[in-house]
Amino acid sequence: MNQKFISIVVPVYNESDNIRHFYEAVCTEMKKLPYVWELIFVDDGSKDNSREILLDLEEKDSRVQPIFLAKNSGHQLALTCGLDHADGDAVITMDGDMQHPPELLHELLAFWEEGYEVVQTIREATEDATWLKKTTSASYYKFLNIISEVPVQPGGSDFRLMDRKAVMAFRRYREHARFIRGIVGSMGFRQKQYRFTAPPRFAGASKFSPKKMLRLAIDGVFVCSTFPLRIGLYMGFVTMIASLLIFIHVLFETFVRADTVAGWPTIMACILFFGGMQLMVLGIIGEYLGRTYEEAKRRPLYLIARGKPSDALKGIRREGSLVDET
Ligand code: UDP
Ligand code: MG
């Protein structure tokens, strides 16, 4: 019988204190399971000695298949690169800091064996998350779900299993600004949700700076929804009604009270109000326009400095976003 092949994709950015520990934990778990597997580390332009550690692991264990990106492209694009190069019948994406516990691998695989094509984990709680992170995250997901065209699961993480069919489908999504949770959620397939509590990081601090976090949050809004564009429409409607009332008031002042002294404050208020509103709506349109421009350039999503060793053996030449489409 042909053994099933599993790919585990792990984006890493300056994780030198975690990689070996994570690798050992994955080996321990996978040893208990009847699969052949590969572990694809996508080094997202690390500046510490993650690279040396990965090259050392690769030399000792041919299942370790690192890919080195040419620069720091961000967690979402590093994940995408890994998904583009994973050969498994099922592909599991997870973080390399032990917050996505390797002990849960067998649970995800069990659901896959049951016939689920996407096993999406949901973080019940993160043990070391601050109160601020928890509340902002919860309100963000509430807001996103109100405006989003597809439901986005609160606490949805990028710890998930995808069947090869789902991975092939995912590879056809080539937008730059991406929120993988939103994409996979909208793809369909037989999905299973699995809840877990994320333990604290094994070593080091979060590699998501507040700036990166904010960027992902903004991407989530603009990628999942065109609702902000409609704000202009709603505001236009409200101001139209308001200006109608003002117009009636002006007619009343002119013909009934015959008090036609020019109302400087009213004019100033109107100019400021409409000016502000137009600027805001222009800003929203600008945001979409800028994004359209970025996507229209069709630049590669990521650049690989050194590819996956097994691909080189197979003579596969894949560059940036050029992947086989099915
Ligand atoms: N990561 C990455 N590129 C980045 C930032 C993070 O590849 O620009 C990796 C990081 O090494 C880790 C995973 O993405 O394996 C999740 O990052 P982190 O643990 O910092 O996020 P948090 O758990 O704090 O949300
Ligand atoms: Mg983490």
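Just so you know, these numbers come straight off a predicted model, no measurement behind them.

### Points about the pattern of salt bridges
A complete count under the given rule lists 19 salt bridges for this structure. For Lys-60, the salt bridge goes to Asp-56, with nearest N and O atoms at 2.8 Å. Taken as a pair, Lys-60 and Asp-56 lie in helix α2 (residues 50-60) at a separation of 4 residues, close to a single helical turn. Taking relative accessible area as the criterion, Asp-56 reaches 23% and is therefore assigned partly exposed. With a closest N to O distance of 3.0 Å, Asp-87 and Lys-308 form a salt bridge. Of this pair, Asp-87 sits in the loop between α3 (75-85) and β4 (90-93) while Lys-308 sits in the loop between β8 (304-306) and α11 (309-314), and the two are 221 residues apart along the sequence. Judged by its relative accessible area of 2%, Lys-308 is buried. The structure contains a network of salt bridges with shared partners spanning Glu-15, Asp-97, Arg-201 and Lys-207.

### Overview of the site of ligand 1
Surrounding ligand 1, one finds 18 residues, the nearest of these being Glu-15, Asp-44, Asp-97, Ser-206 and Lys-207. Between ligand 1 and the protein, one listed contact pairs an oxygen atom with a backbone N or O atom of Tyr-13 at 2.9 Å. A distance of 2.6 Å separates an oxygen atom of ligand 1 from a polar side-chain atom of Asp-97. Notes on ligand 1: free accessible area 530 Å², of which the protein chains cover 92%. Grouping the constituent residues of the shell around ligand 1 by class yields 4 nonpolar, 6 polar and 8 charged.

### What to know about α2
Within α2 the residues assigned to the buried category are Ser-50, Ile-53, Leu-54, Leu-57 and Glu-58. Buried positions in α2, seen along its axis, are confined to an arc of 135° and lie on one side of it. Residues Glu-59 and Lys-60 are exposed on α2 and point more than 90 degrees away from its buried face.

Rules and cut-offs
Within every chain, residues take consecutive numbers counted from 1 along the sequence as written. Just so you know, chain letters begin at A and ligand numbers begin at 1, following the order they were written in. Given that the model is predicted, a residue must reach a pLDDT of at least 70 before its local features are reported, and side-chain atom pairs must reach 80 or more before they are shown or counted; all residues, however, enter totals for whole chains, interfaces and linings. Values shown for side chains rest on all heavy atoms present in the structure; no hydrogens or waters enter the calculation. Throughout this description, the term salt bridge denotes a Lys or Arg side-chain nitrogen within 4 Å of a carboxyl oxygen of Asp or Glu. Each helix corresponds to a stretch of at least 4 residues labelled H or I by DSSP, and each strand to a stretch of at least 2 residues labelled E; elements are numbered beginning at the N terminus. Note on exposure labels: buried denotes an accessible area under 20% of the residue type's maximum, exposed denotes more than 50%, and partly exposed covers the range between, all computed with a 1.4 Å probe on protein chains only. Neighbouring residues are identified by heavy atoms, a residue being near a molecule or strand if any of them is within 4 Å of it. Two N or O atoms count as a polar contact when they lie within 3.5 Å, although within protein this holds only if one can serve as hydrogen donor and the other as acceptor, and sequence-adjacent residues are included solely when both atoms are side-chain atoms. Residue burial considers only the protein chains on display, and all accessible areas are found by Shrake-Rupley using a 1.4 Å probe. Asp, Glu, Lys and Arg are counted as charged, while Ala, Val, Leu, Ile, Met, Phe, Trp, Tyr, Cys and Pro are counted as nonpolar; the rest, among them Gly, fall into the polar class. Directions pointing from the helix axis toward each C-beta atom define the arc.

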